[in-house]
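Overview (structure and organization)
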Amino acid sequence: MNRNKGVTGPQGFRAAGIAAGIKESGALDLTLVVNDGPSDAAAGVFTTNKVKAAPVLWSQQVIQSRRLTAVVLNSGGANACTGPEGFQDTHATAEKVAEVLGTGAVDVAVCSTGLIGERLPMDKVLAGVENAAKELDSSVEAGLNAATGVMTTDSRPKQSWKASEQGWSVGGFVKGAGMLAPNMATMLSVITTDAKISGDQLDQALRAATGKTFDRLDVDGGTSTNDTVLVLASGASGVEPAFDDFVALLTEVSADLVKQLQGDAEGVTKEISITVKQAATEAEAVHIGRTVAEDNLVKTALFGSDPNWGRIAMALGRADAEIDPDVLQILINGVSLYRNGTRDRDRSEADLSGREIEIVIDLNVGDAEATVLTTDLSHDYVEENSAYSS
């Protein structure tokens, strides 16, 4: 896995990240990713939140054709809850991209991230599109600038790339630090590949990959208005991989991006994995994992490096799933603290002083398994989310 490369790693893609003046800080705030082909297959998955930002509504429409030429993304404003005018702003942004690239607006997806409820400064956005088009490049630096241009409360850009043995590759970037929950988060991701694959297959592969990766990260239970993951395929490698091989590599790159999201979550001091084993169904395993991940009593205990298995038992016990307390087991960092209805080894044996914490919940009622990632609830998280609007 190579984190020095991202969307420009695969052949057939150019990108740019510029400072358009949307952010008062002068930081990079507008990103453009272009697929030069020869294929223009694309797919996307979006937030399940009923309150959807204008760019999500636009991109959901255009992605139905399973093809895209470009994606334009801005930070510094979410363009969410901005009414018909906000949707018109998104449309105008897509039309501007289409104009400078010589394509159609329906071939352009739009993504935004930042404060909800404010209109974007469209003069800066449209001028920024023109300037970004002039900066388009296939270099590693261009890919890094693209990953940087979408950052909000992120402390660092997040990107990943990996090549297959057959000569095709997958690369991408992601942003997100808070409001992270299942079914994506305040999170935008663009993933590229030079594999030859149809739009319909790309859609199937993306849903399989996100279901095991992006949808398994739950920092705080907040599902954003703007969540978007897009994947674009140029076909420039000339290689048509087996479908399962493509899903595997797409999932691997997605998982690496998600791990970076977890590590840069707001206020994070602990990176926690919750694996639920021997559940009745995979859906129940995921549900139990999420219930524990979102429990504030569990999260605060882990922030304090306290192996308080009682809070975990309490949290999983309120999940709507098949659970028998007399046969389940709870392990923290490899130490069995609860087994068959009562405590097992002394909690002092579980060392939580490090950053990584592994919780294993063995239900012993079936053969399904799932892992959910989360973080602790720290002083810094509360401070960051109360000190200013986000």
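These remarks concern the structure in this document. Residue positions within a chain follow its written sequence, with the count starting from 1. It should be noted that, the model being predicted, local features are given only for residues of pLDDT at least 70 and side-chain atom pairs only at 80 or more, the latter also being counted only at that level, while totals for whole chains, interfaces and linings use all residues. For side-chain calculations, the full set of non-hydrogen atoms in the structure is used, while hydrogens and water are omitted.

What follows covers the sheet that holds strand S12 (residues 335-339). Between any two strands, at least two bridges found by DSSP are needed for them to pair. Under the scheme used here, helices are H or I runs from DSSP no shorter than 4 residues and strands are E runs no shorter than 2 residues, and both carry numbers assigned from the N terminus. If you trace the six strands from one edge of the open sheet to the other, you get S13-S12-S11-S14-S10-S15, paired in mixed fashion. Every interior strand has two partners, whereas the edge strands, strand S13 (342-343) and strand S15 (368-375), have only one. Relative to strand S14 (residues 356-362), strand S11 (residues 329-332) is paired through four bridges, and the arrangement is antiparallel. Within the sheet, the bridge partner assigned to Gln329 lies in S14 and is Asp362. Here, two residues are considered to be in contact whenever any of their heavy atoms come within 4.5 Å of each other. The axes are straight lines fitted to the C-alpha atoms, using for helices just the contacting stretch, and the angles between their N-to-C directions are given from 0 to 180°. In the packing of helix H9 (residues 309-317) onto the sheet, the strands contacted are S11, S12, S13 and S14, and the crossing angle to S11 comes to about 135 degrees.

Attention now moves to the packing of aromatic side chains. The pairing test for Phe, Tyr and Trp rings, Trp by its six-membered ring, is centres within 6.5 Å, and the orientation test on the planes gives stacked under 30 degrees, edge-to-face over 60, and tilted for anything in between. Inspection of every chain in the model, using the stated rule, returns three aromatic pairs. With centroids separated by 5.6 Å and ring planes inclined at 35 degrees, the aromatic side chains of Trp168 and Phe246 adopt a geometry described as tilted. In this pair, Trp168 sits in the loop between strand S6 (158-163) and strand S7 (169-175) while Phe246 sits in helix H6 (residues 243-263), placing the two residues 78 residues apart along the sequence. Relative accessibility under 20% of the residue-type maximum defines a buried residue, over 50% an exposed one, and the middle range a partly exposed one, all with a 1.4 Å probe and only protein chains included. Here Trp168 falls in the buried class, since its relative accessible area comes to 1%. For Phe246, a relative accessible area of 0% translates into the label buried.

Following Gly37, the chain continues to Pro38 via a peptide bond in cis, the omega torsion being 20 degrees. Looking at where Pro38 falls in the secondary structure, it is placed in the loop between strand S2 (30-35) and strand S3 (41-46). Notably, Asn333 is not glycine yet its phi reads approximately 50 degrees, a positive angle. Residue position: Asn333 is located in the loop between S11 and S12. According to the relative accessible area criterion, Asn333 is partly exposed, its value standing at 27%. With a phi close to 55 degrees, Asn364 is a non-glycine residue in the positive phi region. Structurally, the position occupied by Asn364 is in the loop between S14 and S15.

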